[in-house]
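# What the coordinates show
Residues per chain, in single letters:
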Amino acid sequence: MRRRQKRVLAQQRGEQKPREKVSREVIIPDLITIQELANRMAERAVDVVKIMMQQGQMVQPSDNIDTEMAELIVEEMGHTAKRVSEADVEEGFITEETDENLLVTRAPIVTVMGHVDHGKTSLLDAFRNADVVDGEAGGITQHIGAYQVSADDGQLITFLDTPGHAAFTEMRARGANATDIVILVVAADDGVMPQTIEAINHSKAAGVPLIVAINKMDKPSADPSRVRNELLQHEIFVESLGGDILEVEVSALKKTGLDKLMDAILLQAELVDMKANPDRQADGVVVEAKLDRGRGPVATMLVQNGTLKIGNIIVAGTTYGKVRALINDHDQNVAKAGPSMPVEILGLSEVPLAGEPFAVVATEARARELVEYRINKVRDMSSIVDNSGITSLESMMASLKASEMKEFNILIKGDVQGSVEAILGALAKLGNDEVKARIIHSGVGAINETDVQLAAASNAIIMAFNVRANPQAKLQAEREGNEIRYYSIIYNLIDDVRDAMSGLLDPTLKENFIGYAKILEIFDISKLGKIGGCTVTEGIVRRGSSVRLLRDDVVIHEGKLSTLKRFKDEVKEVSVGQECGMAFEKYHDLKVNDVIECFEIEVIERKLEA
Ligand code: GDP
């Protein structure tokens, strides 16, 4: 009987005997969920949770943890951690040119924006066709998303032919500011319309200068002065009204005023003084890309710096490849493309996203490293539900807290002009010289896709007052990870913004004195170093509180206590009149008659005045 029991027990033990443990190298990104970390270690998530609980943290497998914590856990479980931080891999991908002497002027890059049917496409077509070089074969090809036009004196202007504000903002959302100048097309017979305002806000948010093109001047009903006055209401002061925004009257249909518009662009370009160094590895931005049946992935790229050449290895987002062919806007094969020049590129492994920045890298190995890192990062992010590069009120507070700029970006949509204005008025009163609410766009009506894009590009919270997002916008917001907050009471909206902004105020730190102790004797203890035998002369001393060492009333050290003993025991606190042993962390220069000052730092959160 006994023997059988023993055997059964041994068998059970045998089954439960842990498998030979494999120590793994675990790659840790900037943020990771507990579940994903467990997967990478080939451990169970519950075991990771257990470790966290031992550290006093209650978590779930779906929670995110930071790199330090992840590293600790990995080591605790017998693996080795390898951190990959964005800085290591992305470092040097696109670098600013620092040597002023190498910079030469480049062509300005122009985007056309405006209300639907005001003539964006017509204007772009007019410029495109104006550049058919004296009967020379092959004008600008229709299918390319960007092209260059030369003015009378040979100066070049690059047009991005991706009408619609979405393209403009989408690029910005991906971190590329491809546009130097925005042309705002306003039809003279129609005036300022909702998308005109949207375009104004988009370009303002991007900090890109505007030129107003008052179009359809050929129409009998054209009323350019009405356009000028309406623009005034949106803080667009055109030149003829004494402002500094250039305006040109044109007709895209009759092709009048185009030269003047080109002159205005070149004038504006001179003011901004756009420069690049052509003699370096190229970088720039993807304007558009598609999969071509015969040729594979084809991307139109705009070179912003350096010169792109056949044979270069380029990386754009999560794709890379060796440039096999470069095709210019006249459908001709070229060997290289310099700053501000758009080209089609063959040779990429996959189709990149429009708006993605690209750059030439030195080797294929480097290209692979970048792409692998980025693909992993995308995967890591998609496993993180609510805590990534995502604009929720909470995450925005966290990221703003870390940065200097304490502006709280908000996009507001409301049901009627009156309520929007009331909200704007109340928000303007919030804030102080440390934080302020910045309204990047406001308007009446449902939240649409461009609202979401604008908010995503500007890291703004969308606040909806008595309106809802349309289905496309809702999807878009989910994809971009933008938070939309809905309200039906103005006070609630204002309160939320105030609370969030209060979170951005640096807390006040208050020092509270708690006690003095005097050193009567010094003990040298091999394990602990020097210990001061003290008597508490005032208040109490507490373990864990901050301490200063005073000698003849001069502070000679500030730090923490490593030990606080009464007789042989570690104690939490010692009060006035009692004797104790004290030692500092990493500091041993104690002398008889020194005074130890004990204090605590109180963090007082501040709140904006209501
Ligand atoms: P988009 O929606 O802003 O791209 O506008 P389109 O370029 O498609 O133009 C909308 C309509 O306005 C078309 O029917 C054009 O022919 C017309 N249009 C554009 N420019 C002019 C112009 O200068 N004069 C007149 N009369 N019509 C124009």
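Described in the following lines is the structure provided in the data block. Everything quoted here is computed from the prediction, not taken from an experiment. (Residues numbered from 1 in each chain as written. Predicted model: local features only at pLDDT ≥ 70, side-chain atom pairs only at ≥ 80, totals over all residues. Heavy atoms only, no water.)

### Here's the deal with the overall build of the protein
Check the secondary structure of the protein and you find 16 helices and 33 strands. The long-range share in the protein, meaning contacts at least 24 apart out of those at least 6 apart in sequence, stands at 71%. With an accessible surface of roughly 31,100 Å², the protein has 49% of that area assigned to carbon and sulfur atoms. (Helix = DSSP H or I, 4+ residues; strand = E, 2+ residues; numbered from the N terminus. Contact = heavy atoms within 4.5 Å. Areas by Shrake-Rupley, 256 points an atom, 1.4 Å probe, with all protein chains shown as cover.)

### Observations concerning the nonpolar core
Counting residues in hydrophobic clusters, the biggest one holds 28 residues, and the most contacted among them are Leu123, Phe127, Phe159, Ile183, Leu261 and Ile265. For this core, the elements supplying multiple residues, two or more each, are strand 6 (109-114), helix 6 (120-130), strand 7 (146-150), strand 8 (156-160), strand 9 (181-187), strand 10 (210-215) and helix 10 (258-272). No other element matches the seven residues that helix 10 contributes to this core. With near-sequence residues (within four places) excluded, Phe159 lies in contact with Val110, Leu124, Phe127, Gly145, Ala146, Tyr147, Val149 and Ile265. (Core = buried A, V, L, I, M, F, W, Y, C linked by side-chain atoms within 4.5 Å. Buried < 20%, exposed > 50% of the residue type's maximum accessible area, 1.4 Å probe, protein only.)

### Structural notes on the side chain of Arg366
Residue position: Arg366 is located in helix 11 (residues 364-382). Ignoring anything within four residues of it in the chain, the contact list for Arg366 reads Val89, Glu90, Glu91, Gly92, Phe93 and Val361.

### A closer look at the sheet that holds strand 25 (residues 484-487)
With parallel pairing, the four strands of this open sheet are ordered in space as 23-22-24-25. Looking along the sheet, the strands with just one partner apiece sit at the ends: strand 23 (436-444) and strand 25. Averaged over all adjacent pairs, the angle separating strand axes in this sheet is 25°, with direction ignored. Judged from the four bridges that link them, strand 24 (residues 461-465) and strand 25 form a sheet pairing that is parallel. (Pairing = 2+ DSSP bridges. Axes fitted to C-alpha atoms, helices over the stretch in contact; angles between N-to-C directions.)

### Describing a nonpolar patch on the surface
A surface patch of nonpolar side chains, amounting to about 240 Å² of accessible area, comprises Leu232, Phe237 and Leu241. Mapped onto the elements of the fold, Phe237 is located in the loop between helix 9 (224-232) and strand 11 (247-249). (Patch = residues over 30% accessible without salt bridge, like charges linked within 9 Å, V, L, I, M, F, W, Y side chains within 5 Å. Salt bridge = Lys/Arg side-chain N within 4 Å of Asp/Glu carboxyl O.)

### Some points on unusual backbone geometry
What is expected of a backbone is that most residues other than glycine have negative phi and most peptide bonds are trans. Non-glycine residue Lys216 carries a positive phi angle of around 65°. By the element assignment, Lys216 lies in the loop between strand 10 and helix 9. Even without glycine at this site, Asp552 takes up a positive phi of about 50°. Within the secondary structure, Asp552 sits in the loop between strand 28 (546-551) and strand 29 (554-566).

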